[in-house]
Amino acid sequence: MLSNIGIPGLILVLIIALIIFGPSKLPEIGRAFGRTLTEFKSATRELVSSGDEEKEEKKSNLTAVEKTDNKAV
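So, here is what we can say about the structure in this document.

This brings us to the overall build of the protein. Along the protein, the regular secondary structure elements total two helices and zero strands. Residues classed as buried in the protein amount to 3% of the 73 residues present. Looking at the protein as shown, the accessible area adds up to about 6,900 Å², and 66% of this sits on carbon and sulfur atoms.

This brings us to a nonpolar patch on the surface. Together, Leu-12, Ile-16, Ile-20, Phe-21 and Ile-29 line one region of the surface with nonpolar side chains, adding up to about 480 Å² of accessible area. Tracing the chain through its elements places Phe-21 in helix H1 (residues 6-21).

By rolling a water-sized probe across the atoms, one finds the places where empty space is left. Reported here for the largest pocket is a volume of approximately 180 Å³. Every residue lining the largest pocket is listed: Leu-10, Val-13, Leu-14, Ala-17, Leu-26, Ile-29 and Phe-33. Of all elements in the fold, only H1 and helix H2 (26-72) reach the threshold of two or more residues within the lining of the largest pocket. If you tally residues by element for the lining of the largest pocket, the top one is H1, at four residues. In the lining of the largest pocket, the residues fall into seven nonpolar, no polar and no charged.

With respect to the element layout, Leu-26 can be found in helix H2. Taking relative accessible area as the criterion, Leu-26 reaches 28% and is therefore assigned partly exposed. Beyond its immediate chain neighbours, meaning those up to four positions away, Leu-26 contacts Ala-17, Leu-18 and Phe-21.

Rules and cut-offs
- Residues numbered from 1 in each chain as written.
- Predicted model: local features only at pLDDT ≥ 70, side-chain atom pairs only at ≥ 80, totals over all residues.
- Heavy atoms only, no water.
- Helix = DSSP H or I, 4+ residues; strand = E, 2+ residues; numbered from the N terminus.
- Buried < 20%, exposed > 50% of the residue type's maximum accessible area, 1.4 Å probe, protein only.
- Areas by Shrake-Rupley, 256 points an atom, 1.4 Å probe, with all protein chains shown as cover.
- Patch = residues over 30% accessible without salt bridge, like charges linked within 9 Å, V, L, I, M, F, W, Y side chains within 5 Å.
- Salt bridge = Lys/Arg side-chain N within 4 Å of Asp/Glu carboxyl O.
- 1 Å grid on protein atoms, 1.4 Å probe; cavity = no way out; pocket = protein on both sides within 12 Å on 5 of 7 lines; lining within 4 Å.
- Points joined across faces, edges and corners; volume = space filled by probe spheres on them.
- Nonpolar A, V, L, I, M, F, W, Y, C, P; charged D, E, K, R; others polar.
- Contact = heavy atoms within 4.5 Å.

By themselves, these figures tell us nothing about what the structure is for.
This is how it looks when you write it as structure tokens:
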């Protein structure tokens, strides 16, 4: 969807945003958008890393169970 905008479309969107919000609010909006994007990325990384940790814990638990089962035999 956004890949079809191109440079002229992006310039048009920026001009419209400048007209609607004014030059004083535009930097604040940009900072807020940047912070939101940064928080989203860090939350995504945390979710992915916690999912990987859970998989590793399950694998280590399975290995521990297999070792105890082999000792019982």
